[in-house]
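# Notes for the structure review
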Amino acid sequence: VQLVESGGGLVQPGSSLRLSCTASGFTFSRYTLNWYRQAPGKERELVAAITDAGGSTIYQDSVKGRFTISRDNGKNTVYLQMNSLKPEDTAMYYCNVVLTIIIRPVNFWGQGTQVTVSS
C-alpha cells in the first residue's frame, strides 16, 4: 500500500491550495479515504473523509464551507480543495486509508505534505 500526497506549500491567508493523494496497492474504489492534519505540538486530527463511491463526505467543523474533499476512482486519487485558508490551517496534511488485514483494521498513511499559511 502506498499513499503519495502532493500540493502543499506556503501561501498567504485567504489563498487556495489543492492537495492530491495518489494511492496504489489496494482496490482504491472500495474504501473510504481520509485527510488528516497535524500542527506542531498538537495531535493529528481528521479534516475530511469521503466514502468509496464519493456519495458521502464529512468535515471537521473548522473547515466546513472552505474545504472540499473529492475523489477520482479512475485515477486512484483523492483531493482536498482548500479555500480561504487561515493561519490556523498550517499543518502537515496526511492521506489515510484503513484496510482490514486478516479481520483487523490497519491504518496506512502517506508521508504528508506541508501547508503553511502566513503573511
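See the structure shown above.
Conventions used here
Residues numbered from 1 in each chain as written. Predicted model: local features only at pLDDT ≥ 70, side-chain atom pairs only at ≥ 80, totals over all residues. Heavy atoms only, no water. Helix = DSSP H or I, 4+ residues; strand = E, 2+ residues; numbered from the N terminus. Buried < 20%, exposed > 50% of the residue type's maximum accessible area, 1.4 Å probe, protein only. Phe/Tyr/Trp six-rings, centres within 6.5 Å; stacked < 30°, edge-to-face > 60°.

## Quick look at unusual backbone geometry
- Phi is positive for asparagine 76, which is not a glycine, with a value near 50°.
- Within the secondary structure, asparagine 76 is located in the loop between strand S7 (67–72) and strand S8 (77–82).
- The exposure class of asparagine 76 is partly exposed, given its relative accessible area of 25%.
- Backbone geometry places isoleucine 103, a non-glycine residue, at a positive phi of 65°.
- Residue placement: isoleucine 103 occurs in the loop between strand S9 (91–101) and strand S10 (104–109).
- We classify isoleucine 103 as exposed; its relative accessible area is 78%.

## Considering the packing of aromatic side chains
- Applying the stated rule across the entire model yields 4 aromatic pairs.
- On the numbers, 5.8 Å between centres and 75° between planes, the contact of phenylalanine 26 with tyrosine 31 is edge-to-face.
- Taking relative accessible area as the criterion, tyrosine 31 reaches 26% and is therefore assigned partly exposed.
- Ring centres of tyrosine 94 and tryptophan 109 lie 6.4 Å apart, and the angle between their planes is 85°; this geometry places the pair in the edge-to-face category. Note that tyrosine 94 is positioned in strand S9 and tryptophan 109 in strand S10, a separation of 15 residues in sequence.
- Judged by its relative accessible area of 13%, tyrosine 94 is buried.
- Here a set of aromatic residues connected by ring pairs shows up, and it is made of Phe26, Phe28 and Tyr31.

Structural measurements only, silent on function.
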